[in-house]
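The lines below spell out each chain.
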Amino acid sequence: MGAKENTKKKSKKDSQLVIRINGEERNRFVELCDELDSSAAREIRSFIRGFLQKNKRPD
């Protein structure tokens, strides 16, 4: 197994987070993601990773 395959297995997406937001905001967000050649899911995952990094707690 190569390094790339190991990375893919580590980042397996196996959970969901359901949120409720205003429909207009959701539509604007999805449209902007499309314009930026991204996806809503990718941008939200990126936000979560950044938030976790910024608010790291010592073990």
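A brief look at the structure comes next. Keep in mind the model is a prediction, meaning the values are calculated, not measured. (Residues numbered from 1 in each chain as written. Predicted model: local features only at pLDDT ≥ 70, side-chain atom pairs only at ≥ 80, totals over all residues. Heavy atoms only, no water.)

**Examining a negative patch on the surface**
On the surface, a cluster of negative charge is made up of Glu31, Asp34, Glu35 and Asp37. In this structure, Asp34 sits in helix H2 (residues 23–35). On the basis of relative accessible area, Asp34 is assigned to the exposed category, the value being 53%. (Patch = residues over 30% accessible without salt bridge, like charges linked within 9 Å, V, L, I, M, F, W, Y side chains within 5 Å. Areas by Shrake-Rupley, 256 points an atom, 1.4 Å probe, with all protein chains shown as cover. Salt bridge = Lys/Arg side-chain N within 4 Å of Asp/Glu carboxyl O. Lys, Arg positive; Asp, Glu negative; His and termini not counted. Charge placed at Lys NZ, Arg CZ, Asp CG, Glu CD. Helix = DSSP H or I, 4+ residues; strand = E, 2+ residues; numbered from the N terminus. Buried < 20%, exposed > 50% of the residue type's maximum accessible area, 1.4 Å probe, protein only.)

**Some thoughts on a nonpolar patch on the surface**
Residues Leu17, Ile19, Ile21, Phe29, Ile44, Phe47, Ile48, Phe51 and Leu52 make up a contiguous nonpolar surface patch of roughly 900 Å² in combined accessible area. Considering every element that reaches the nonpolar patch, the biggest residue donor is helix H3 (residues 40–54), with 5 residues. Mapped onto the elements, Leu17 comes out in the loop between helix H1 (3–10) and H2.

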